[in-house]
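# Per-entry structural report
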Amino acid sequence: MADLRSEFVGIKSPNPFWLASAPPTDKEYNVRRAFEAGWGGVVWKTLGIDPPVVNVNGPRYGAIYGADRRLLGLNNIELITDRPLALNLQEIKSVKRDYPDRAMVVSLMVPCEEEPWKFILPLVEETGADGVELNFGCPHGMSERGMGAAVGQVPEYIEMVTRWVKASTRMPVIVKLTPNIADIRKPAEAAQRGGADAVSLINTINSITSVDLDLFAPEPTIDGKGAHGGYCGPAVKPIALNMVAEIARDPGLSQIPISGIGGVTTWRDAAEFMALGAGNVQVCTAAMTYGFKIVEEMISGLSEYMDGKGMTSVDELVRKAVPNVTDWNQLNLNYIAKAKINEDLCISCGRCFAACEDTSHQAIAMSEDRTFSVIDEECVACNLCVNVCPVENCITMEAMTPGTTDPRTGKVVEADYANWTTHPNNPAATAAE
Amino acid sequence: MSQKMFEPGITAGRLEASAYADQFSDLHPPLDPHEALVAADRCYFCHDAPCITACPTDIDIPLFIRQIATGTPDAAAKTILSQNIMGGMCARVCPTEQLCEQACVREAAEGKPVKIGELQRFATDHLQQQGKHPFERATPTGKRVAVVGAGPAGLSCAHRLAMMGHEVVVHDARPKPGGLNEYGIATYKTTNGFAQAEVDWLMQIGGITLQTGSALGADITLEGLKADYDAVFLGMGLGGVNALGADGEDKTGVLDAVDFIADLRQAGDVAQVPIGRDVVVIGGGMTAIDAAVQAKLLGALNVTLVYRRGRDRMNASVFEQDLAASKGVRIVNHAVPVAVHGNGAVREIEFEYVDADMKGTGQMLRLAADQVFKAIGQTLQGDALPALEGRKIKVDGTGRTSVDGIWAGGDCASGGDDLTVTAVAEGRDAAMDIHMTLVG
């Protein structure tokens, strides 16, 4: 079994699976259960300055579902902890004392002034916590009070607050980024300038998950009204992966450690985040959907995968895919593939045909007896048939061998790499030589 | 345990009085809303879906399942009923495992098709239990059509004609409408008077007059109908039961399976229906299975179904065969009855095993029997009918017979399987042709 021990900005944990700052990490009771279940660490739900905030007393979550009510996306309007600061600090200390090998990071959100930070940081340090995470991301409730995303959307504020925090604590400082911005690199750069030890992303995305068509109100609905909340869960994973990769492949940011967050549900999701540059991952919605036990699958799955790849430490996986993330204009236009349908696996549902015929390139033929085959003369290898096919690996994309002729264009497939920057149709093309 | 369990002869009350309700409860209890959503989520919404092709009434199955999945079961019901006005009954009695569900791509993928039949029932029940009738009658055309037989073919034809604005009179020899839906289907397949409720619901279209106790050949004649109406549709059932051709088949206790099934359906209390201790059913179709299973449910100790060919040649589906086996019916293949023994009443029935060419092997089988049900097929009765093809009324693709102005469909007409759903399709298609003929 592969060694999953992780060290992130000097914080050690038995595995790279942390619970994100969120409802599952709000109390000693939950966190003890999480550690018993095997989680490598937690980011304790965000602390603030007393008096504590209050939450709504109606529904806090809204959801969207896939087939069979599989929860794909969750939206929440819960605020930071609504319990007194002293109680949280006492519980953090108690849990950390009993689980010294687990990562205990404390999320913080206080007003955008230096004094409150100077006040709270020594209190957190006193608990024995391993680090702090600055919550610059919460998109609802707190941002209206000038905290959370209201700070995270202004790089200058991020830099300023990070600097204050670094000056007031010896603990590692992780800056949590909001995705509700145009370019994720700007707040990451600001955090780096302020001296952050790492960034974590993504926080939740501004969202309305659904509308009650009887009440004509967004859900979750509180007494007939609804407010936007923060979206998370499997549905946000692609957005989070891209933002992690954007930071990881930016030359100016490539040295800053990243804690990956956003829809991590299985070991595979975690591995993908790590391959794109995350040193570890944080999980919330999957635990809220299935309970803490899922970490067992994450541990066994990542371990089996690493064994299969001959990796002995998680650091070998981190950033493994970063060199292959590029810009569109660098993609090889001489690479030519064609869809191929495996008739033995095909169940003849015809979804590939409908998709291609109605919405794409009319490159799939359907016979009287419902045999489906690709018309190479028309296929542009768009992949839509692969995506809509209900049977895994039934349709595959097969690369054409250089030297053969593409029946669609009548041109010989070139072995050489050539991208858009040198393409004759590009008005701004640079000479190939 | 009832005292009468082992009693020889034909008697009622072989089971404890409390046991009957369970025995004859719904074979497939209706899906609840959660089960329906889970089942609907499995549909792939196939292109030009094979299930539609496999349905004799061409119901747009992927569409109605998507309508269920998106929370609009009444819209789903309308999708079903616009193609098949007896979609509720077909959801209960169709051999879906040989039709839509056999064609379902998930049958190919996982051996577990989408539960199309049960979903269809979910949608149609949802609409019909509110008493809603989703169709409106067109402006009356002044044309009058006679329909003979208030079974699936006749009622389907009548409804479509009425919807198009024609005036329809439906004649049926029996006291109640519904045909085999009312008299010929196992009790556990259509519980709680569903057949009657469906007819009542269907009649809400308006423009249909029902004349029960009106038999062709006795109370009405084809000549008379032809003279009195603008068109005639024949949708009678098959009134005659084929004989065994075995010695002694006139003995007491040798009965027609269709009568047994009808008596059970019409019995106010199934506990009052007498049944033998040792029952033998002869035949290999749905009627044979329905009779054998219900004999067992009534408490018969030994029920044997004997069919002259192999299992693969039985008209009853594999599902029906398995159902019978699971209820404790013994199925014997490759045997034909040669003699019924007994002094006045049947006591024993003797079979000879036959080979694949139906040639006797000389090997004999004797089964104890105090009741024998014949289920070896029914035949069309009556004379002065349009030209026949084989033993049924010859029709073309839209139900036209050899006589101008007379259409036919359902069991009495040539072509198609003798299924409820086929009859509904034939009635509907004939109605459209009649309509085009009358107004075109």
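Refer to the structure presented above.
Let me sum up the structure you'll find in this document. (Residues numbered from 1 in each chain as written. Chains lettered and ligands numbered in written order. Predicted model: local features only at pLDDT ≥ 70, side-chain atom pairs only at ≥ 80, totals over all residues.)

### Overview of the overall build of chain B
- When helices and strands are tallied, chain B shows 17 helices and 19 strands.
- For chain B, whose C-alpha radius of gyration is 22 Å, the value lies close to the compact-globule estimate of 22 Å for 440 residues.
- The buried share of chain B, taken over its 440 residues, is 48%.
- The long-range share in chain B, meaning contacts at least 24 apart out of those at least 6 apart in sequence, stands at 70%. (Helix = DSSP H or I, 4+ residues; strand = E, 2+ residues; numbered from the N terminus. Rg over C-alpha atoms; globule rule 2.2 N^0.38 Å. Buried ≥ 20, exposed ≤ 12 C-beta atoms within 10 Å, placed from the backbone. Contact = placed C-beta atoms within 7 Å.)

### Considerations on the nonpolar core
- Core analysis: the biggest nonpolar cluster contains 150 residues, and I68, L119, F233, V281, A291 and A292 of chain B have the highest contact counts within it.
- By residue number, the principal contributor to this core is helix α15 (residues 286-297) of chain B, which donates eight residues.
- Ignoring anything within four residues of it in the chain, the contact list for L119 of chain B reads L31, A36, A39, A40, I65 and I68 of chain B.
- One finds F8, I184, Y231 and V281 of chain A within the second-largest nonpolar core, a separate group that totals 97 residues. (Core = buried A, V, L, I, M, F, W, Y, C linked by C-beta atoms within 7 Å.)

### Some remarks on the sheet that holds strand β13 (residues 348-354) of chain B
All names here are of chain B.
- Strand order across the open sheet formed by three strands is β12-β13-β14, with antiparallel pairing between neighbours. Two strands bound the open sheet, and with one partner strand each, they are β12 (335-341) and β14 (360-368). When strand polarity is set aside, the average angle formed by the axes of neighbouring strands in this sheet is 25°.
- As judged from the six bridges shared by β12 and β13, these two strands associate in the antiparallel manner. Bridging from a neighbouring strand, A335 pairs with Y353 of β13. (Pairing = 2+ DSSP bridges. Axes fitted to C-alpha atoms, helices over the stretch in contact; angles between N-to-C directions.)

### Observations concerning the sheet that holds strand β7 (residues 254-256) of chain B
Residue and element names in this part refer to chain B.
- Within the open sheet, the five strands sit side by side as β7-β15-β9-β10-β11. Their pairing is parallel. The sheet is open, and its two borders are formed by β7 and β11 (330-333), each paired with just one other strand. Going across the sheet, the axis of each strand differs from the next one's by a mean of 25°, ignoring polarity.
- Note: strand β9 (residues 278-282) against strand β15 (residues 371-374), four bridges, orientation parallel. In the sheet register, I282 faces β15, and the bridge partner there is K374.
- Sitting on the sheet, helix α14 (residues 257-266) touches β7, β9 and β15, and the angle it makes with β7 is about 70°.

### Observations regarding the pairing of β9 of chain B
Residue and element names in this part refer to chain B.
- By the criterion of burial, β9 is predominantly enclosed, with five of the five residues buried.
- Note: β9 against strand β10 (residues 302-307), five bridges, orientation parallel. For I282, the partnering residue across the bridge sits in β10 and is V306.

### Remarks on the environment of G40 of chain A
Residues and elements named next belong to chain A.
- Take G40: it is sitting in the loop between α1 (28-37) and β4 (41-47).
- Residue class for G40 comes out buried when judged on the 27 C-beta atoms lying within 10 Å of it.
- The residues contacting G40, other than those within four sequence positions of it, are S6, S13, P14, N15, P16, F17, W18, R102 and A103.

### Focus: the interface of chain A and chain B
- Contacts between the two partners involve twelve residues from chain A and, on the opposite side, ten residues from chain B.
- Among the residues making up the side of chain A that touches chain B, the classes are represented as seven nonpolar, two polar and three charged. (Nonpolar A, V, L, I, M, F, W, Y, C, P; charged D, E, K, R; others polar.)

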